[in-house]
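Residue strings, one per chain:
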Amino acid sequence: MPQTITRGYRTLVDEANAKIETLPAEEALKLHGRDDVVLVDIRDPRELERDGRVPGAFHCTRGMLEFWIDPDSPYHKPIFAQDKRFVFFCAGGMRSALAAATAHDMGLKPVAHIEGGFGAWKKAGGPVEAWTPKKG
C-alpha cells in the first residue's frame with residue numbers, strides 16, 4: 001500500500017517560517033562579524049566544498065543539529081550554550097527555516113534564518129571563501 005503524506009515539506013517550512021524570524025540577506029550581512037551573533041551554516045559538506053562558505057560561520061550539518069544544541073547530548077557543542085543570537089542558513093532557505101524552528105522549539109534563543117539562504121547571501125554581495133575540510 002502506498003504511503004500518504006499528510007503534511008508535506010511546504011507545510012512544514014511554512015509553519016517554521018510562521019514561528020521564527022526570517023532575515024533578508026541584506027540584514028544578515030549587517031550581522032556578519034558581530035561578537036553577539038553566530039551564523040550557523042547547516043549545508044552538507046559537499047555544498048561547502050562546491051560553493052564555498054561564509055567566513056566565520058559555524059558549520060553544523062542539519063542531521064546533527066539537535067544533538068549539538070542539547071547540553072545533555074554526548075555530542076553537544078559549547079557554541080550553542082553561548083548567550084548569542086543564532087542565525088541559520090542553508091542553500092536556499094528551506095532547511096534553515098526548519099533548523100531555526102527546531103532550535104527555537106528546543107529553547108535556543110534568539111534564533112532566525114536567512115531568507116533565500118547562501119544563494120541570497122552571495123547575490124547580496126556577502127563575503128564567501130573556499131572551504132577546506134578539517135583533517136582527522
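### What to know about the overall build of the protein chain
- Within the protein chain, the secondary structure is distributed over 6 helices and 5 strands.
- Across the protein chain, helices and strands are ordered from the amino to the carboxyl terminus as α-β-α-β-α-β-α-β-α-β-α.
- Relative to a compact globule of 136 residues, whose C-alpha radius of gyration would be 14 Å, the protein chain shows 15 Å and is just as compact.
- Each principal axis of the C-alpha atoms in the protein chain carries an extent, and together these give about 45 × 35 × 30 Å.
- The buried share of the protein chain, reckoned over its 136 residues, is 36%.

### Details of the packing of aromatic side chains
- The final tally for this structure, using the stated rule, is 5 aromatic pairs.
- Ring geometry for Phe58 against Trp68: centres 5.9 Å apart, planes inclined by 55 degrees, an arrangement best described as tilted. One end of the pair, Phe58, is in strand β3 (residues 58-59); the other, Trp68, is in helix α4 (residues 65-69), with 10 residues separating them in the sequence.
- Trp68 gets classed as buried once you look at its relative accessible area, which sits at 16%.
- When the centroid spacing of 6.3 Å and the interplanar angle of 85 degrees are considered together, the rings of Phe67 and Tyr75 count as edge-to-face.
- Through pairs of rings, three or more aromatic residues link up here, namely Phe58, Trp68, Phe80 and Phe86.
- Between the NZ or CZ atom of Arg43 and the centre of the ring of Phe118, over which it lies, the distance is 3.9 Å.

### Side note on the environment of Arg62
- Note that Arg62 resides in the loop between β3 and α4.
- Separated by 25 residues in the primary sequence, Arg62 and Val37 place their C-alpha atoms 19 Å from one another.
- Those residues in contact with Arg62 that sit more than four places away from it in its chain are Ile42, Arg95, Leu98, Ala99 and Thr102.

### Quick notes on the nonpolar core
- Ranked by internal contacts, the top residues of the largest apolar core, which has 22 residues, are Val40, Leu65, Phe80, Phe86, Phe88, Leu108 and Val111.
- Secondary structure elements with two or more residues in this core: α1 (9-19), β2 (37-41), α4, β4 (85-89) and α5 (94-106).
- With residues near it in sequence (within four places) discarded, Phe80 still touches Val40, Phe58, Cys60, Leu65, Trp68, Ile69, Phe86, Phe88 and Leu108.
- Ranked by size, the runner-up nonpolar core spans 14 residues in total, among them Ala57, Ala112, Ile114 and Trp121.

Rules used in this analysis
Residues numbered from 1 in each chain as written. Predicted model: local features only at pLDDT ≥ 70, side-chain atom pairs only at ≥ 80, totals over all residues. Heavy atoms only, no water. Helix = DSSP H or I, 4+ residues; strand = E, 2+ residues; numbered from the N terminus. Rg over C-alpha atoms; globule rule 2.2 N^0.38 Å. Buried < 20%, exposed > 50% of the residue type's maximum accessible area, 1.4 Å probe, protein only. Phe/Tyr/Trp six-rings, centres within 6.5 Å; stacked < 30°, edge-to-face > 60°. Lys NZ or Arg CZ within 6 Å of the ring centre and 35° of its normal. Contact = heavy atoms within 4.5 Å. Core = buried A, V, L, I, M, F, W, Y, C linked by side-chain atoms within 4.5 Å.

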